[in-house]
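Remarks on the overall topology
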Amino acid sequence: MWQEYKDLFDQVHASEALRMEVKGMTGKAKAGGRRRATARQIVLIAAVIALLGTAAVAAVVAGPTLRDHLFGEGTPYDRSSAPVGKSVTVDGWTATITDCVGDDYTVYLGIEVEAPEGTVLDRDDYWVWVDCTDDNEQMAAGTFMGALTQLPDKDPTDNRVQFYYTQGAMNGGETGITLQFKLADFFHNSVWNEAKKDYDVTSLWEGTWDFGEVTLNFTDTTRRVYPNLPLGRDGAVVLEEIDVSPLGVHAVLSGAGADEDQYQQRVIKDGCLLRARDSRELSPHIRSWAWNWQLEKGYLGWVYEDGVLLDVSEIESVTLCGQTFLLE
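Quick caveat, the model's predicted, so the values are computed rather than measured. (Residues numbered from 1 in each chain as written. Predicted model: local features only at pLDDT ≥ 70, side-chain atom pairs only at ≥ 80, totals over all residues. Heavy atoms only, no water.)

Taken together, three strands build an open sheet; the order of strands is β4-β7-β8 and the sheet is antiparallel. Where the open sheet ends on each side, the last strands, each with one partner, are β4 (126-133) and β8 (198-216). Neighbouring strand axes in the sheet, compared pairwise and without regard to direction, differ in orientation by 20 degrees on average. Examined bridge by bridge, β4 and strand β7 (residues 177-193) share seven bridges and lie antiparallel to one another. If you follow C132 over to β7, its bridge partner there is F181. (Pairing = 2+ DSSP bridges. Helix = DSSP H or I, 4+ residues; strand = E, 2+ residues; numbered from the N terminus. Axes fitted to C-alpha atoms, helices over the stretch in contact; angles between N-to-C directions.)

Right, here's the structure in full:
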């Protein structure tokens, strides 16, 4: 019996199939005239209907935020995203982590907050506090703290608002990371307080949405090339690796005993250029650079414009340090 419940739960996302199954089960009962359903059939039908009801509510509460409000539909999103669909409701306020997109270095989480019925969320300066930690230390070394951004509201007359949260590591992470994730309070910036040198905020709700463990299983579509290109006359620093992902470009330098920063600045100055198979070109802008003295490695990251998610299968080459490298 437990396995049957588990099988039903595992299929909850295939709601249409479940609806047909329920229809078929109830249809068979009708076809049999006054034939009485067994207790087992009644329990199974009730379980399926309950799960379908839950799924329907979830679908109404929050769609894929990153797809619908940031990146849009299409191949890049389909290949680089994964659903999360984890909701927490406290005092009638519901927060949902809807979907995620990521690469080795950065993850995006789509978030929707729904206020109780009758509340209108029509501002563009709402905020929540984010508490995000990685217990498994999969992104611990070189991790930079995340940022929360409110997305444009497609319906300012309703009780919902969307955000995206980004977090990453300069020296790489991996798909399948598990985060401990909490959101707290819901408020908006109000009036600048000169004495405090900060905004006085207006709180709409105070409390905590504790999501517990959140696993991000986005697909890794990063394409990599390993130039092993010596930089400078002494060759003390080497351009070891270039990663081209749907979210940006990353380069890894290695070496010791030299002025590492000057090499990083040279790479930055030369710029980064991507060329597609149809000859279109894209120049991402530098976002981060750092040197890990313990590992004797440097990490540089370039990103595309906000809302751009690249189909890396269309990229033919990347140019760094004045040299062009074909992507396999």
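Taken as a whole and assessed by the stated rule, the structure comprises 10 aromatic pairs. Look at W93 and W205: their rings are 6.1 Å apart centre to centre, the planes differ by 20 degrees, and that puts the pair in the stacked class. Placement of W93 in strand β2 (residues 93-102) and of W205 in strand β8 is noted, with a sequence separation of 112 residues between them. Side by side, W93 and W205 carry an identical accessibility label, which is buried. Aromatic side chains W192 and Y199 sit 5.3 Å apart centroid to centroid with 85 degrees between the ring planes, which places their arrangement in the edge-to-face category. Connected via pairs of aromatic rings, a cluster forms that spans W93, Y126, F186, W205 and W209. (Phe/Tyr/Trp six-rings, centres within 6.5 Å; stacked < 30°, edge-to-face > 60°. Buried < 20%, exposed > 50% of the residue type's maximum accessible area, 1.4 Å probe, protein only.)

Turning our attention to the sheet that holds strand β14 (residues 281-282). Spatial strand order, β14-β13-β17-β18: four strands in an open sheet with antiparallel pairing. In this open sheet, the two edge strands, each paired with only one partner strand, are β14 and β18 (323-326). Of the pairings in the sheet, the one linking strand β17 (residues 315-320) to β18 comprises four bridges and is antiparallel in character. Along β18, the bridge assignment pairs S317 with L326.

For the rest of this paragraph, the subject is the pairing of strand β13 (residues 273-276). Across four bridges, the pairing between β13 and β17 is antiparallel. Looking across to β17, one finds that L274 is bridged to V318. Pairing geometry for β13 and β14, over two bridges, is antiparallel. Bridging across to β14, R275 finds its partner in E281. The loop that links β13 with its antiparallel partner β14 comprises four residues; one of these, S279, has a positive phi angle of about 80 degrees.

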